[in-house]
Amino acid sequence: MFVTRFAPSPTGYLHRGHAFSALTAYEAARAAGGRFILRIEDIDVTRSRPQFEDAIYEDLAWLGIQWETPVRRQSDHLDDYQAALAALTADHLTYRCFKTRKERAQAAASAPHGRAETFRGAALPAAEEAERLAAGAPFAWRLSLDAAEQALAGRSLTFTEEGQGPGGEHGRIKVDPALSGGDVVLARKDVGVAYHLAVVVDDALQGVTHVIRGQDLFEAAHVQRLLQTLLDLPAPIYRHHRLLTGPDGKRFAKRDHAETLRDLRARGVTPGELRAEMGFD
């Protein structure tokens, strides 16, 4: 069965871009006679707020979207992500990284193995790592691309793109995990999990067959496909869609204080008008 999802983070109010992505996934599920899942990705504990989560439900209902209940909230399932991290660590695919952003940039710039912005690291010697841990130094658990490549033993990974990437990518796509910047963060000392690990675990546990999302996340599919393979999880089909842009040509974004769906309602815009504006009439 066709299963897709919309997975917003409750770190602000939804805007037109969110509405377009949610409706794209919802209408795809309806057209396929499949299931539509809403997931709340609230692992960013410093920015997630209950009022933003409540607003997500209100905004989606206003758009006419219906979803299955109960809704999976990532903060309620941290043990699932820790189990996945433990499995990767047991296979020697992760390491604790203590480098600062500046140190990672310097290491990437001097590395001989690829793009200047790509960082690859390694675990510290055991004694030095123990000393830093005893001192309470901050660190991040990172996926080692070097170790992953060795584990794959030359196997070439691909994923299926039914939509279109930002460069027109479509069809069978060869995986290049380095597109995500190298050794991605899987968890931090003070945060139980990071985005890439949580999303692949959730998609597998929820039986997601089609990941429908914006082109800004196309590169994320590469490292997520790698994680699916390393964790022996099923690979969904990807369908990346265009990004809505405003009159200035920039995509709608929370950080740019894009007009929210709440704002649209307040000035009298109806769900039907917004749907028609975005091509869902």
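Per an unreviewed UniProt entry, the protein carries the name Glutamyl-Q tRNA(Asp) synthetase and comes from Phenylobacterium haematophilum. One UniProt comment on the protein, placed under Sequence similarities (unreviewed entry), says "Belongs to the class-I aminoacyl-tRNA synthetase family."

J.: Whenever I open this one, the overall build of the protein confuses me. Can you help?
T.: The number of helices and strands found in the protein is 10 helices and 10 strands. A compact globule built from 281 residues should have a C-alpha radius of gyration of about 19 Å, and the protein, at 20 Å, falls within 12% of that. In terms of overall dimensions, the protein has C-alpha extents of about 65 × 40 × 40 Å along its principal axes. Put simply, the protein has 281 residues, and 49% of those count as buried. When contacts within the protein are restricted to residue pairs at least 6 apart in sequence, those whose partners lie at least 24 apart make up 79%. Approximately 13,800 Å² of the protein is accessible, and the part contributed by carbon and sulfur atoms is 50%.

J.: In this structure, what is going on with the layout of surface pockets? I would like to understand it.
T.: Rolling a probe over the atoms, with the probe sized like a water molecule, indicates the empty space that remains. Space inside the second largest pocket adds up to approximately 240 Å³. In terms of lining, the second largest pocket is formed by 15 residues, of which the most central are E149, L152, R155, V175 and P177. In terms of residues, the lining of the second largest pocket owes the most to one element, helix α6 (residues 145–152), which gives 4 residues. Considering only residue class, the lining of the second largest pocket consists of 8 nonpolar, 2 polar and 5 charged.

J.: Can you help me understand unusual backbone geometry in this one?
T.: As a rule of thumb, non-glycine residues mostly have phi less than zero, and peptide bonds are mostly trans rather than cis. In this model, T69 is joined to P70 through a cis peptide bond whose omega is 0°. If you trace the backbone, P70 turns up in the loop between α2 (50–62) and β3 (72–73). In the Ramachandran plot, D232 falls in the positive-phi region, its phi being about 60° despite a non-glycine side chain. Along the chain, the position of D232 falls in the loop between α8 (220–230) and β10 (237–241).

J.: Teacher, can you tell me more about the sheet that holds strand β8 (residues 185–188) here?
T.: Hydrogen bonds between backbone groups are what pair the strands of a sheet, and the pairing can be parallel or antiparallel. The sheet built from 3 strands is open, its strands ordered β4-β5-β8 with antiparallel pairing. The strands lining the two open edges of the sheet, one partner per strand, are β4 (94–97) and β8. If you compare each strand with its neighbour and ignore which way they point, the axes differ by 30° on average. For strand β5 (residues 140–143) and β8, the ladder comprises 3 bridges, and the chain directions are antiparallel. When the bridges of β8 are listed, W141 appears paired with A187.

What counts, and at which threshold
- Residues numbered from 1 in each chain as written.
- Predicted model: local features only at pLDDT ≥ 70, side-chain atom pairs only at ≥ 80, totals over all residues.
- Heavy atoms only, no water.
- UniProt positions renumbered as here; feature names shortened; annotations may be inferred.
- Helix = DSSP H or I, 4+ residues; strand = E, 2+ residues; numbered from the N terminus.
- Rg over C-alpha atoms; globule rule 2.2 N^0.38 Å.
- Buried < 20%, exposed > 50% of the residue type's maximum accessible area, 1.4 Å probe, protein only.
- Contact = heavy atoms within 4.5 Å.
- Areas by Shrake-Rupley, 256 points an atom, 1.4 Å probe, with all protein chains shown as cover.
- 1 Å grid on protein atoms, 1.4 Å probe; cavity = no way out; pocket = protein on both sides within 12 Å on 5 of 7 lines; lining within 4 Å.
- Points joined across faces, edges and corners; volume = space filled by probe spheres on them.
- Nonpolar A, V, L, I, M, F, W, Y, C, P; charged D, E, K, R; others polar.
- Pairing = 2+ DSSP bridges.
- Axes fitted to C-alpha atoms, helices over the stretch in contact; angles between N-to-C directions.

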